[in-house]
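Chain by chain, the residues run as shown.
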Amino acid sequence: MRPILLQGHTRSLTQIKYNPEGDLLFSVSKDHVVNAWYSHNGERLGTYNGHVGAIWTVDVNSTSTLLLTGSADNTAKLWEVETGNCLHTWEFKTAVKRVAFSEDDCMALFVTEQRMGFPGTVTIYSIANDVNAKQSDEPIMIIMPEGSKAMVSDWGYLNKYIIIGHENGSISQFDWKTGEKVKSIQPHTDVITDLQMSEDRTYFITSSKDKSAQIFESNTLVPLKKYITDAPLNSASITPIQEFVILGGGQDAMQVTTTTMRQGKFECRFWHKIFEEEVGRVKGHFGPINTIAVHSDGKSFSSGGEDGYVRVHHFDEEYFKFKYPEL
Amino acid sequence: MLGFDISRLPQTEDEIDFSDIESKYQVPYEEGFDTIIVVDNVPIVDESKQEKLLKFIRKIFKNAGDIKENGINMPMDTDPDTGKSTSKGYLFIEFETPEQASLAIKNYDNYSMDKTHCLAVNRFTDVEKYSQIEEEYKEPEEEKFVEKEHLRSWLTDSQARDQFVLYRGDDVSILWNKKAEPPEEEHKRVNWTETYVQWSPLGTYLATFHRQGIALWGGPSWNKIIRFVHPGVKLIDFSPNERFLVTWSNESISLGPNGGIGTPFGPEDEGHQIIIWDVLTGNLLRSFPSSTSTDGAPNKITWPMFKWSPSDKYFARVTPKQQISVYETPSMGLVGKKSYKVEGVEDFEWAPAFDKEREKQNAGDKKNREEMLSYWTPEIGNQPARVTLLNIPSKEIVRTRNLVNVKDCKMHWQSNGDFLCVKIDRHTKTKKSTFANLEIFRVREKDIPVEVIEVKDTVIAFAWEPKGERFAIITTNDPNYGQSTQGVRTNVSFYYLEKPKPGKGGDKVGTANFKLIKTLEKKTSNAIYWSPRGRHKEGSKNDPAASIQLMSTQEHYGVTDIEWDPTGRYVITSASFWRHSMENGYSLWDFKGALLQKQLLDKFKQLLWRPRPKSLLSSDAKKKIKKNIRDYSKAFEEEDALAQTSVSKELLAHRRRLVDEWNAWRKRVEKELAEEKERAGVQIIPRRDDDENVEIIEEWIEEVVEETEEIVED
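Residues numbered from 1 in each chain as written. Chains lettered and ligands numbered in written order. Predicted model: local features only at pLDDT ≥ 70, side-chain atom pairs only at ≥ 80, totals over all residues. Heavy atoms only, no water.

> How would you explain the overall build of chain A if you had to name every residue and give the values?
Along the backbone of chain A there are two helices and 28 strands. When burial is assessed residue by residue, chain A has 61% of its 327 residues classed as buried. Considering only contacts in chain A between residues 6 or more positions apart, those separated by 24 or more positions represent 44%. Split by element, the accessible area of chain A, about 12700 Å² in all, is 49% carbon and sulfur. (Helix = DSSP H or I, 4+ residues; strand = E, 2+ residues; numbered from the N terminus. Buried < 20%, exposed > 50% of the residue type's maximum accessible area, 1.4 Å probe, protein only. Contact = heavy atoms within 4.5 Å. Areas by Shrake-Rupley, 256 points an atom, 1.4 Å probe, with all protein chains shown as cover.)

What follows is the structure, given as structure tokens:
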């Protein structure tokens with residue numbers, strides 16, 4: 001498995017995302033640039049220029065026409081994927097840490113940072129799915145999570161709920177129509193760093209700095225699986241075809257200079273989703289892995305690291321042939 | 001810290017049952033006359049001296065507490081003939097509180113007032129009790145014999161597996177080593193100990209540390225066997241045969257306001273920090289103060305403070321620069337009633353008993369062999385430094401050797417006591433660096449010859465092969481040694497005793513000498529660990545570092561501890577949470593250096609193999625087993641294979657169950673999702689079929705290979 005190295009960023013990656021077909025890969029970084037790539041060969045399609053702060057997050061709609069980005073310049077921008085035109089800019093009081101389209105693309109949620117006296121929020125805007133339409137500046141709902149601030153968030157299936165991962169390791173489920181908390185659990189002991197939905201949004205995986213990743217049922221928040229590793233995790237993703245999850249992380253970026261690469265544990269770890277056993281690792285990054293995304297057909301995955309590189313891996317034949325011993 | 005306060009027990013002590021101690025030292029609740037004591041054997045005086053006597057008595061007893069006003073009552077007898085009144089030889093004293101009365105009884109019963117008068121102090125209420133005692137002796141009821149658990153039950157394991165204790169987070173668990181498979185749990189308790197755990201040297205007991213003292217556990221049920229009350233205990237040390245236990249606390253024993261009632265301590269223990277216990281009965285045998293140097297300041301604690309002779313018969317400690325104090329068991333008195341004074345003595349070591357000796361003893365050898373210890377003194381004035389071998393209890397000097405130019409000395413006995421190696425650090429002429437000499441005393445030979453091996457470099461570590469005739473040293477010539485913390489280049493060298501070749505006539509020709517066998521160069525080792533049965537050796541690299549084996553080198557990152565199992569077949573390297581918090585956990589290796597399993601455990605703290613007692617087999621029986629090892633190993637190999645298949649079957653079933661559970665859950669959720677979608681009126685899009693949807697992109701790449709221009713002239 002020879003990875004394709006995407007060298008299009010000058011600072012650490014913050015999030016990468018495939019479009020639903022998987023032919024495009026979007027990457028955002030602290031260097032203010034959004035890049036779009038062809039996922040099969042790593043060729044750059046183009047960049048989306050306009051943000052003036054580190055970009056924290058990116059999401060693409062299901063028809064690959066619209067792209068959302070959230071940045072530390074206190075704005076979120078909507079782009080036309082094809083042309084790179086900025087269609088709309090939402091202004092917020094603080095940095096935008098997470099954006100996510102709803103399942104039907106009609107809405108998007110924006111997680112904003114708690115800073116400078118402003119509370120952290122999860123704000124929901126409706127989105128017009130037309131390149132020429134005017135976007136609304138009137139939020140549908142602003143949720144202000146009490147207690148610990150929101151770090152990551154995503155939509156459940158059929159837009160039933162939104163699920164929020166918090167700084168203190170708790171996960172809560174909100175009814176976005178009323179803005180009320182439905183359920184809350186405390187499965188992790190440290191910051192939740194990533195939350196990715198399964199394909200049909202019936203379950204999701206969380207990664208945490210407490211060195212573990214867990215799978216929950218979206219509706220009930222019942223924990224299903226737990227993967228305990230030896231390094232703080234920054235991202236976790238579920239693979240189609242094979243029943244795996246891919247976990248990435250490593251020692252904190254702040255401590256990296258004090259230790260060797262060997263100790264940093266900057267590898268993508270493959271765990272068997274059902275057996276909760278580690279099956280393999282993919283080395284490559286020389287800094288912690290910040291974000292992992294899996295191609296929708298399950299034939300490749302990409303990782304973005306603190307080192308500023310995106311590595312696109314296409315699985316070898318053996319990967320698809322892999323079967324658990326005597327099963 | 002005052003004695004032992006029931007009300008302030010920490011939460012974690014819940015599990016420990018204190019009722020036995022409580023009842024043993026319970027103070028009966030006093031009422032009525034409990035503040036009154038009767039003092040007998042008081043001199044008989046007449047009226048003229050009455051005042052003087054009472055004054056004297058008051059002076060004595062006011063040390064115990066406050067005597068009530070008019071609290072002393074001395075009945076007088078008036079002689080009807082003379083009209084003179086004389087005392088009756090006893091008096092009553094009333095104190096303010098019953099505790100003071102108790103203290104008075106405790107302190108002044110048997111108090112010698114003068115040559116002829118020894119006071120007998122009793123509780124007033126007891127007088128009545130004693131007078132009612134029946135004249136006839138009644139035999140006390142015999143306590144029912146309660147069978148104790150087999151303390152060495154773990155040795156009867158059919159597969160002769162070894163146990164180890166694992167301390168992680170708040171959990172302490174006893175585990176069976178199952179080679180490559182995850183260890184099997186035998187017993188587990190949360191908050192079993194407060195600081196750490198320790199095995200007794202023969203593996204019979206597991207000691208846990210608590211604020212109040214030490215508890216020993218064992219047997220198949222892991223029940224508490226015995227408990228020793230010693231507040232703030234920090235360090236313990238068992239005697240080699242597990243008969244005695246030494247505990248040390250940095251808090252001095254204090255009797256508290258009630259004079260130590262309710263604790264095993266008496267007034268003679270006050271202020272002491274070291275206690276010697278009888279492991280079998282749990283009784284306090286003797287307590288000692290911490291050793292102090294000449295100027296009265298307490299010495300740095302070196303542990304073990306008391307070194308035990310191999311037979312448990314003697315124990316000794318050194319008062320640096322002054323003396324070695326050798327005590328006898330079980331009397332706990334000094335051998336020969338006084339310490340052995342050696343000016344300037346620095347350190348000493350007992351000679352380990354060797355097996356033949358022990359076998360002889362067991363066979364009832366009449367002559368009780370003397371035990372031997374070695375000590376060394378540095379250069380004082382014109383007197384050279386000296387290493388001395390001394391017999392105990394006769395205190396007869398067996399051998400001395402004078403040394404010059406000594407910076408430091410370390411004595412290493414070979415485990416059988418056959419050899420003593422004295423490692424001497426010497427300054428080079430420039431005094432800038434040091435080099436070492438190894439002086440090897442061949443103790444078993446006549447006159448104890450000494451052989452000197454000169455090593456040019458600094459010797460960091462030294463280790464004898466257990467029961468063997470080889471030793472290994474780690475040396476370095478790196479000038480940075482001792483300053484920089486990492487990357488010191490070291491060499492590991494092995495030496496063995498070359499046996500003299502027997503001459504033709506059967507006479508011994510030449511002498512046995514230690515020869516260098518092999519040197520491993522340029523490693524960064526800092527400690528050597530021989531496997532308990534010898535033969536294989538392991539070095540531990542600088543922390544963080546890797547472990548080296550003679551047979552193969554293996555890496556274990558950030559290793560902090562190395563533990564051989566008692567049979568020498570396995571070795572565990574571990575990285576403890578106490579030292580650093582990265583990659584905590586342990587790895588199990590076999591003696592060939594192959595990794596059997598690696599466990600990463602968050603908050604892993606401690607792992608200790610359970611030691612085994614000495615084998616009961618005679619050396620002949622052992623030889624026989626060695627000879628027929630193949631037949632034996634066959635049976636075990638079969639067992640191993642069987643175990644492997646059964647485990648994989650179990651694992652398989654477990655996996656299958658997990659898959660089934662997952663699939664069932666998926667089915668249910670997918671159905672729910674479909675239903676909900678239908679209700680919401682969302683069109684259900686059938687799953688994309690990849691083959692139909694795949695868009696094939698054909699890329700035409702044209703490359704111009706060559707371009708030439710020709711002008712065609714017509």
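Don't stop here, the text continues.
> Any details on the overall build of chain B? Residues and values, ideally.
Broken down by element type, chain B carries eight helices and 43 strands. Looking at chain B as a whole, 43% of its 714 residues qualify as buried. The long-range share in chain B, meaning contacts at least 24 apart out of those at least 6 apart in sequence, stands at 50%. Carbon and sulfur atoms provide 49% of the accessible area of chain B, an area that totals close to 42400 Å².

> Could you give an account of the packing of aromatic side chains, with specific residues and numbers?
Residue and element names in this part refer to chain A. What the rule picks out here adds up to 45 aromatic pairs over all chains. Look at Trp90 and Tyr125: their rings are 5.7 Å apart centre to centre, the planes differ by 35°, and that puts the pair in the tilted class. With Trp90 in strand 9 (residues 86-91) and Tyr125 in strand 12 (residues 121-126), this pair connects stretches of sequence that are 35 residues apart. With a centroid separation of 6.3 Å and an interplanar angle of 85°, the aromatic rings of Phe315 and Phe320 are classed as edge-to-face. Lying across the ring of Trp56, Lys97 places its NZ or CZ 3.6 Å from the centre. (Phe/Tyr/Trp six-rings, centres within 6.5 Å; stacked < 30°, edge-to-face > 60°. Lys NZ or Arg CZ within 6 Å of the ring centre and 35° of its normal.)

> Describe the side chain of Ser325(B), with residues and values.
Residue and element names in this part refer to chain B. Along the chain, Ser325 turns up in strand 21 (residues 323-328). Within the structure, the side chain of Ser325 is placed 2.9 Å from the side chain of Ser339, a separation counted as a polar contact. Not counting chain neighbours up to four residues away, the residues in contact with Ser325 comprise Phe315, Ala316, Arg317, Thr319, Leu334 and Ser339. (Polar contact = N/O pair within 3.5 Å; in protein donor to acceptor, adjacent residues only side chain to side chain.)

> An account of the sheet that holds strand 27 (residues 300-305) of chain A is needed here, citing residue identities and associated values.
Residue and element names in this part refer to chain A. Ordered by their spatial adjacency, four strands build an open sheet running 1-28-27-26, and the pairing between neighbours is antiparallel. The open sheet has two free edges, formed respectively by strand 1 (4-6) and strand 26 (289-294), since each of these has just one partner strand. For this sheet, the mean angle separating the axes of adjacent strands, direction not counted, is 20°. Across three bridges, the pairing between strand 1 and strand 28 (residues 310-314) is antiparallel. In the strand pairing of strand 28, Leu5 is matched with Arg311. (Pairing = 2+ DSSP bridges. Axes fitted to C-alpha atoms, helices over the stretch in contact; angles between N-to-C directions.)

> Quick one: what's the story with the pairing of strand 39 (residues 561-564) of chain B, residue by residue and with numbers?
Residue and element names in this part refer to chain B. What you see with strand 39 is a clean split: Ile562 and Trp564 sit on the buried side and Asp561 and Glu563 on the side with no burial. In the sheet, strand 39 pairs with strand 40 (residues 570-575) via four bridges, with the strands oriented antiparallel. Note on strand 40: the bridge partner recorded for Ile562 is Thr573. The antiparallel pairing of strand 39 with strand 40 creates a hairpin that spans five residues between the two strands, and Gly568 there sits at a positive phi of about 75°.

> Give a detailed account of the nonpolar core, specifying residues and quantitative values.
Formed by 23 residues in total, the largest nonpolar core has its most connected members in Ile37(B), Val39(B), Ile57(B), Phe61(B), Leu91(B), Ile93(B) and Phe95(B). Put simply, the parts of the chain that give this core at least two residues each are strand 1 (36-40), helix 2 (47-61), strand 2 (67-73), strand 5 (91-95), helix 3 (98-108) and strand 7 (118-123) of chain B. The biggest single contributor to this core is helix 2 of chain B, with five residues. Beyond its immediate stretch of four places on either side in the chain, Leu91(B) contacts Ile37(B), Val38(B), Val39(B), Val42(B), Leu54(B), Ile57(B), Ile72(B), Asn73(B), Met74(B) and Pro75(B). Formed by 19 residues, the second largest nonpolar core is a distinct cluster that contains Tyr203(A), Ile205(A), Trp271(A) and Trp665(B). (Core = buried A, V, L, I, M, F, W, Y, C linked by side-chain atoms within 4.5 Å.)

> Which residues make up the sheet that holds strand 22 (residues 340-341) of chain B, and what values go with them?
Residue and element names in this part refer to chain B. With antiparallel pairing, four strands are arranged side by side in an open sheet as 19-20-21-22. Two strands in the sheet have a free side with no partner beyond their single neighbour: strand 19 (307-308) and strand 22. For strand 19 and strand 20 (residues 314-319), the ladder comprises two bridges, and the chain directions are antiparallel. Paired with Lys307 across the two strands is Ala316, which belongs to strand 20.

Spatial relationships are all this shows, so hold off on functional conclusions.
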